[in-house]
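Working through the structure, step by step
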Amino acid sequence: MGGLKCAECEEPAELKCSACKLVAYCGKEHQKKHWKEHKNLCRPFEIVTDPEKGKCLVATRDLQPGDLILVENPIVYGPRPHMVEEGPVPCPGCCRLIIADNSARCDGCDFPICNPDCPGLKDMDRHGHECMILGLRDVKAINGLHDFYRQDALLTLRCLLLQNRHPKKFAQLLEMNSHQDKRGEDTETYKINESRVVDYLQDNFFAPMRILEGKSGKQVLKDISKEIIHQICGIVDVNALEINQDAEVTALYPTAFLMEHNCLSNTKHMFDNADKGYTITIRASLPIAKGDHISTMYTHALWGTQARREHLRETKYFSCKCLRCADPTELGTYLSALKCIGTQDDEPCGGIQLPIDPLDDNTEWACNKCDAKLTNHEVCFLVNQIGEEVDNVQLSNPTVRELDSILTKMLNFVHPNHYHVYSVKHSLVQLYGYQQGYMPNQLSDDIIAKKATMCRELLEITKKIDPANARLPLYSGVLLHELYLANMILIKRKWDLGIKTKVKSINVLLQECQSALSQALRVLENERNSPAGEKLISLVKFSGTEFEKFVSRNKIDLSGVTTGKSN
Ligand SMILES: C[S@@+](CC[C@H](N)C(=O)[O-])C[C@H]1O[C@@H](n2cnc3c(N)ncnc32)[C@H](O)[C@@H]1O
């Protein structure tokens, strides 16, 4: 403990703050005295080791939604390491997507770039350093750019380069778990990384680098072994966070990576933009009691339990046992439930099929009304089949009619809240009122009411799986805004017919409009840095202004409109 000084009196100190371990005190008395000042800086968690989960963050005091947990800068960040065979690729300077065939090329290494003035190109923590290595290959490509210039290898190269420029950061990186034991030579992951990253870097760039090193007698990079490259690929896959703002960025943070996964996580995080180096800010999204684990979500909140658990097993190498995964109804949402096709007295039994033990990968499924059971294999087959059909339709720029038809078909097999139904309904509410044949003046009152009902139903589900709007703010924002738009069409029609605010149904709709718009702005408040978020916020604000104009033009007293239920 030599050298530590008391934060209160600067005398030698041995007692460290047990929560953050960043400050020390000469004794308990000064620690107590200093708390008023320190409490705003002290990290509200400690790092503990859990036998199953490894290192985790545990709250050292009670936290309320919104309380700050951690702010830190990444150790390293770079283009998302996913294989790109066609379509846009990230610029190595700023990670914004560009079309490789038409783009400018980097002076140093010939990689496709957004433009020669991109500030990331010369920045030594971004492309600047790696460019020197990439420039060692003396051939250029005109065709086959996606394979020749592999952006999916760049983040690994950036990590390797830390060993000389930032050895401490490199050591921090190597402390992260890469699950190498589960990524052995016989796995598909190993084979892909071997050819896409290891061989690519070694053959094209490290081989000429070693020749230069031999000539100059100066070593550029100490360890470029196949083992360390595979380890870094694993570290990135298991620990990196994705930043989806205006670019496809993946980043590794020194402490944030310790947050464990929970399908009902208790934090939300946001990233500063590129100018500020993608600083992450993590806040409590739900109340967190002292001793609770601090968690985030590694997978998609809108997938059903089996899909989430499979994704986590395949990419993060563990089986989730959180409350949502363990509950056959998924917190009462029925997101994975199926319709029972069993019969009673020759009539459909009307029951629903749920997994008997959702934490068992081979669980049987049972009906809550009749004796019908399904094997997990049968359920997986059906759900995958429906999923494939939904994906195909969603990717084909579908019409309302096509989505309506697949919806009707799948409702024969799955619960109306099933996550595949959610996805189709979420698309439908964004087509009613926008697509030719379904423009606002072409929609019947019934269809508009149907759209509003879908929005309400989907919002109910979303609230249960993401009560703090930490994971699905864009989904909720869209639903709230579409609910407002649907209601407004109905209100204006009734208004034109002379049915005014004294009528209870109009009052309810007006109230719901007002509440939907203010909720939309609240749920989207952390989405300002993403283009989709920014666009939606400006649409909601525009609607807000239109709503105010409507209210004032028609002299509606909203304070008297009290019959609406708020969400
Ligand atoms: C980003 S790291 C988190 C830090 C990690 N616990 C460690 O000790 O380095 C992700 C890994 O943590 C473990 N993990 C995270 N959440 C978990 C959970 N809910 N259940 C079991 N293991 C979990 C898994 O091994 C996973 O691959």
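As recorded by an unreviewed UniProt entry, the chain carries the name MYND-type domain-containing protein and is attributed to Dendroctonus ponderosae.

We now examine the environment of P116. Position of P116 relative to the elements: it lies in the loop between β10 (112-113) and α2 (127-134). Separated by 13 residues in sequence, P116 and S103 place their C-alpha atoms 10.0 Å apart. Setting aside residues up to four positions removed in sequence, P116 forms contacts with A104 and L121.

Before going further, it helps to examine the sheet that holds strand β11 (residues 241-244). Spatial ordering of the open sheet is given by β6-β12-β11, a layout of three strands whose pairing is antiparallel. Two strands in the sheet have a free side with no partner beyond their single neighbour: β6 (76-79) and β11. Averaged over all neighbouring strand pairs, the angle between strand axes comes to 30 degrees, with direction disregarded. Where β6 and strand β12 (residues 248-252) come together, four bridges link them in antiparallel fashion. Within the sheet, the bridge partner assigned to Y77 lies in β12 and is A251. Across the sheet, helix α4 (residues 154-165) lies against β6 and β12, angled at about 155 degrees from β6, the strand it touches most.

With that settled, the discussion passes to the UniProt feature "domain: SET" (unreviewed entry) in the chain. Residues given the UniProt feature "domain: SET" (unreviewed entry) here are residues 43-299. Secondary structure over residues 43-299 splits into 29% helix and 20% strand, and the C-alpha atoms at its two ends are 26 Å apart.

All right, on to the environment of L335 then. Relative to the assigned elements, L335 resides in the loop between α9 (323-326) and β17 (338-339). Beyond its immediate sequence surroundings of up to four residues, L335 is in contact with R324, T329, E330, N417, H418, Y419, I461 and I465.

Before going further, it helps to spend a moment on the site of the ligand. Neighbouring the ligand are 13 residues; K53, K55, H179, H261 and K316 lie closest to it. One of the backbone nitrogen or oxygen atoms of K53 is found 2.7 Å away from a nitrogen atom of the ligand. One of the backbone N or O atoms of H261 is found 3.0 Å from a nitrogen atom in the ligand. Relative to its unbound accessible area of 570 Å², the ligand is 92% covered by the protein chains. For the shell around the ligand, the elements supplying multiple residues, two or more each, are β4 (54-59), α7 (226-239) and β13 (260-261).

In this section: the domain arrangement of the chain. For the chain, the assigned domains read domain 1 (1-43), domain 2 (76-251), domain 3 (301-431) and domain 4 (441-566). Summarising the inter-unit geometry, the C-alpha centres of domain 1 and domain 4 are found 51 Å apart.

Glancing now at helix α8 (residues 305-316). Between its first and last C-alpha atoms α8 spans 15 Å; for 12 residues at 1.5 Å apiece the expected length is 16 Å, and the two agree. Within α8 the residues assigned to the buried category are T305, R308, R309, L312 and K316. Viewed end-on, α8 has its buried residues packed into an arc of 95 degrees, placing them on one side of the element. Once α8 finishes, Y317 follows within two positions and takes phi at roughly 65 degrees, a positive value.

Reading the values: the criteria
- Residues numbered from 1 in each chain as written.
- Predicted model: local features only at pLDDT ≥ 70, side-chain atom pairs only at ≥ 80, totals over all residues.
- Heavy atoms only, no water.
- Helix = DSSP H or I, 4+ residues; strand = E, 2+ residues; numbered from the N terminus.
- Contact = heavy atoms within 4.5 Å.
- Pairing = 2+ DSSP bridges.
- Axes fitted to C-alpha atoms, helices over the stretch in contact; angles between N-to-C directions.
- UniProt positions renumbered as here; feature names shortened; annotations may be inferred.
- Near = heavy atom within 4 Å.
- Polar contact = N/O pair within 3.5 Å; in protein donor to acceptor, adjacent residues only side chain to side chain.
- Areas by Shrake-Rupley, 256 points an atom, 1.4 Å probe, with all protein chains shown as cover.
- Domains from an automatic or database assignment.
- Expected span 1.5 Å × (residues − 1).
- Buried < 20%, exposed > 50% of the residue type's maximum accessible area, 1.4 Å probe, protein only.
- Arc of directions from axis to C-beta.

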